Amino acid sequence: MSAIFDFSSLITVLLLIICTCAYLRELRPAIFDVTPEPGSTPPKQLHQQHTGMLGICWKFSRIGERLSPYVSGALVMMAFHVLFLK
């Protein structure tokens, strides 16, 4: 069964994406930040910078940074579920 149709697998995939994006942002802070070219005008609103696939990864990394206690708790529960209940 695909991870899209199984709720447990969907949660597992989302948690792994959140952790991966947060780790990549911690490893290379500028990887998801779009910096304007020298001499060009910066965008007026912050959300205009974060669009497309890099914007989605930026949002996942922000979730991983700001909600890290909740994400780690969800990871522990997921690990318990996968190891002992599945």
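Residue indices follow the written sequence of each chain, beginning from 1 at its first position. Local features in this predicted model are restricted to residues of pLDDT 70 or higher, and side-chain atom pairs are both shown and tallied only at a pLDDT of 80 or more, whereas totals for entire chains, interfaces and linings draw on every residue. Derived side-chain values reflect all non-hydrogen atoms in the structure, with water molecules and hydrogen atoms excluded from consideration.

Focus: helix α1 (residues 7-27)
Then, in step 1: Segments assigned H or I by DSSP are reported as helices when at least four residues long, segments assigned E as strands when at least two residues long, and all are numbered from the N terminus. Expected helix span is computed as 1.5 Å times (number of residues minus one). For α1, with 21 residues, the first-to-last C-alpha span of 30 Å sits near the 30 Å given by 1.5 Å per residue.
Then, in step 2: Any residue under 20% of the maximum accessible area for its type is buried, any over 50% is exposed, and the rest in between are partly exposed; the area is computed with a 1.4 Å probe on protein chains only. Among all positions of α1, only S8, S9, T12, L15, I18, C21, A22 and R25 are buried.
Then, in step 3: Contacts between residues were defined by any pair of non-hydrogen atoms, one from each residue, lying within 4.5 Å. Looking at the buried positions of α1, the neighbouring elements they touch are α2 (52-66) and α3 (68-85).

Focus: α2
Then, in step 1: With 15 residues, α2 should cover 21 Å at 1.5 Å per step; its first-to-last C-alpha distance of 21 Å lies within 8% of that length.
Then, in step 2: Listing the buried residues of α2 in full gives G55, C57, W58, F60, S61 and G64.
Then, in step 3: Those residues of α2 that are buried are in contact with α1 and α3.

Quick notes on the confidence of the model for the protein
Then, in step 1: Confidence scores labelled pLDDT are given residue by residue by the predictor and lie between 0 and 100. When pLDDT is averaged along the protein, the result is 82, and 77% of the positions lie at 70 or above.
Then, in step 2: At the level of individual helices and strands, the protein shows its lowest average pLDDT in α2, which scores 89, and its highest in α3, which scores 92.

A few points about the pattern of salt bridges
Then, in step 1: A carboxyl oxygen of Asp or Glu within 4 Å of a side-chain nitrogen of Lys or Arg is what we treat as a salt bridge. Considering all chains together, one arrives at two salt bridges under this definition.
Then, in step 2: Here R25 makes a salt bridge to E65, at a shortest N to O gap of 2.9 Å. Pair noted here: R25 is in helix α1 and E65 is in helix α2, with a separation of 40 residues, a long-range link.
Then, in step 3: With a relative accessible area of 13%, R25 lands in the buried category.
Then, in step 4: One salt bridge in this structure joins E65 and R62, with 3.3 Å as the shortest N-O distance. Of the two residues, E65 and R62 are both situated in helix α2; the distance of three residues between them amounts to about one turn of the helix.
Then, in step 5: Accessibility expressed as a relative area gives 33% for E65, which makes it partly exposed.
Then, in step 6: Accessibility expressed as a relative area gives 22% for R62, which makes it partly exposed.

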